[in-house]
Amino acid sequence: MPYGALIRQIREAKHIRLADIADEQLSVALLSRFERGEADMTVTKFLHLLHRLHVTPDEFVHRAGKTDEPVRGPVGFFGHFNDFYLQPDTADTPASLQAALAQAQHLATETQTDYQREPSRWHLINWRGAQVHENVLRRYLALPTVPVDLHPVQDYLLNLDMWTAVDFQIYAYFLSHLDDEANRLIWHAAVKNTAMTQLTSDSAHIILAVGEAQFQSFIVHGRTNDAGDVLKTLAEMVRQQPLMPHQIHQLFNEGWYAYVTRPAGKSAAVQSMDQAISILTILHHPFEAKYYQQLKNKITHADPRPIIPDIWL
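Read on for a plain summary of the structure. Because the structure is predicted, anything quoted here is derived from the model rather than measured.

If you trace the backbone, Gln-214 turns up in helix α11 (residues 201-220). Take Gln-214: its relative accessible area is 0%, and that puts it in the buried class. Contact partners of Gln-214, with chain neighbours within four places excluded, come to Tyr-171, Leu-175, Asn-183, Trp-187 and Val-230.

Laid out in structure tokens, this is it:
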């Protein structure tokens with residue numbers, strides 16, 4: 001498929017108008033002619049166009065079937081979302097939490113300014129992400145949180161007809177801050193509009209990680225039917241994209257689901273979880289092995305602390 005036609009297909013599937021991505025580098029006239037195959041553009045402008053569409057260069061060439069022609073560009077396709085995740089040692093001391101809160105407040109102000117300067121959907125979603133990030137740190141410090149309207153995020157994700165790595169990253173970040181019913185609808189929309197065979201390995205990794213977090217959330221909240229549906233979908237996804245260690249995670253999660261839903265088969269369920277932990281240890285994934293060992297202890301009540309759904313990206 002010509003690049004211009006593919007750009008139009010992605011843009012329309014994401015419900016983005018030409019006017020939404022036009023700026024000082026890309027006029028509506030140039031974009032329209034490029035999509036019709038009547039004009040070319042420089043590599044710099046083309047990378048900028050991909051950035052405006054939230055499609056990474058590798059993902060684009062993969063969709064175009066030009067895997068022998070990699071296009072490399074600057075980082076930043078994920079906006080500020082990589083800055084919103086807490087470092088493992090952030091919560092160790094009040095001083096580190098205070099420093100992280102100050103940085104989060106700076107990001108919230110910066111993303112709000114970006115949105116006020118250019119009130120686009122992408123800038124609004126980044127701003128919402130910064131607000132959620134600030135609230136997470138406020139909870140750690142026992143400070144009052146600020147109201148955050150996540151309806152723009154839900155609406156964006158529910159109306160996508162094509163999901164890209166950036167969209168999965170957005171979903172991954174907001175997943176634990178949305179209610180179960182919104183997550184159920186968004187997960188089904190993501191599955192419906194995603195062909196695993198068309199994804200790069202990075203994109204496949206993100207959607208599998210999102211699915212695993214979604215499974216955890218549903219099963220912790222007692223929504224076993226929804227958890228079972230996600231688990232079946234993940235099994236099919238792993239079959240199409242046999243990425244390690246998601247195959248091992250699937251083994252653990254199947255044991256967890258059996259432990260919760262089949263009281264008579266708890267011994268076999270624990271054996272399945274132990275097998276997954278052993279494989280992670282043998283394959284030298286010590287942090288994941290430790291995490292799943294701690295999770296198993298909570299599932300079996302050897303550790304009385306509550307299970308908090310988490311995501312591995």
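Inspection of the entire model under this criterion finds 1 cavity of 30 Å³ or more. In this model, the largest cavity occupies a volume close to 30 Å³. Lining the largest cavity, in full, are Ala-209, Glu-212, Ala-213, Gln-216, Tyr-292, Asp-310, Ile-311 and Trp-312. Here the lining of the largest cavity is composed, by residue class, of 5 nonpolar, 1 polar and 2 charged.

Considered as a void within the structure, the largest pocket measures approximately 1,400 Å³ in volume. As for the largest pocket, its lining consists of 34 residues, and the residues nearest its centre are Tyr-140, Ile-308, Pro-309, Asp-310 and Ile-311. Only α7 (121-140), α9 (165-174), α10 (180-192), α11 and α15 (286-299) provide two or more residues apiece to the lining of the largest pocket. A per-element tally of the lining of the largest pocket places α15 first, with 5 residues. Of the residues belonging to the lining of the largest pocket, the class tally is 20 nonpolar, 9 polar and 5 charged.

This paragraph deals with unusual backbone geometry. Along the chain, Met-244 connects to Pro-245 via a cis peptide bond; the corresponding omega equals 10°. Mapped onto the elements of the fold, Pro-245 is located in the loop between α12 (224-240) and α13 (246-261). With phi around 60°, His-54 is a residue other than glycine that occupies positive phi space. Overall, His-54 belongs to the buried group, its relative accessible area being 8%. Even without being a glycine, His-284 presents a positive backbone phi close to 65°. Relative to the elements of secondary structure, His-284 occurs in the loop between α14 (266-282) and α15.

Definitions and limits used
Throughout this description, residue numbers start from 1 for each chain and increase along the sequence as written. Restriction of local features to residues with pLDDT of at least 70 applies here, the model being predicted, together with a cutoff of 80 or more for giving and counting side-chain atom pairs; totals for whole chains, interfaces and linings are based on all residues. Based on all heavy atoms of the structure, the side-chain values leave hydrogens and waters out of the count. Helix and strand definitions follow DSSP, with helices as H or I runs of at least four residues and strands as E runs of at least two, each counted in order from the N terminus. Here the term buried applies to any residue with accessible area under 20% of the maximum for its type, exposed to any over 50%, and partly exposed to those in between, with areas from a 1.4 Å probe on protein chains only. Residues count as neighbours in contact if any of their non-hydrogen atoms are within 4.5 Å of one another. Using only the protein atoms, space was sampled on a 1 Å grid; points where a 1.4 Å probe fits but cannot get out form cavities, open sets with protein on both sides within 12 Å along at least five of seven lines form pockets, and lining residues are those with an atom within 4 Å of a point. Grid points are joined across faces, edges and corners, and a volume is the space filled by probe spheres set on the points. All amino acids are sorted into three groups, where Ala, Val, Leu, Ile, Met, Phe, Trp, Tyr, Cys and Pro are nonpolar, Asp, Glu, Lys and Arg are charged, and the leftover types, Gly among them, are polar.

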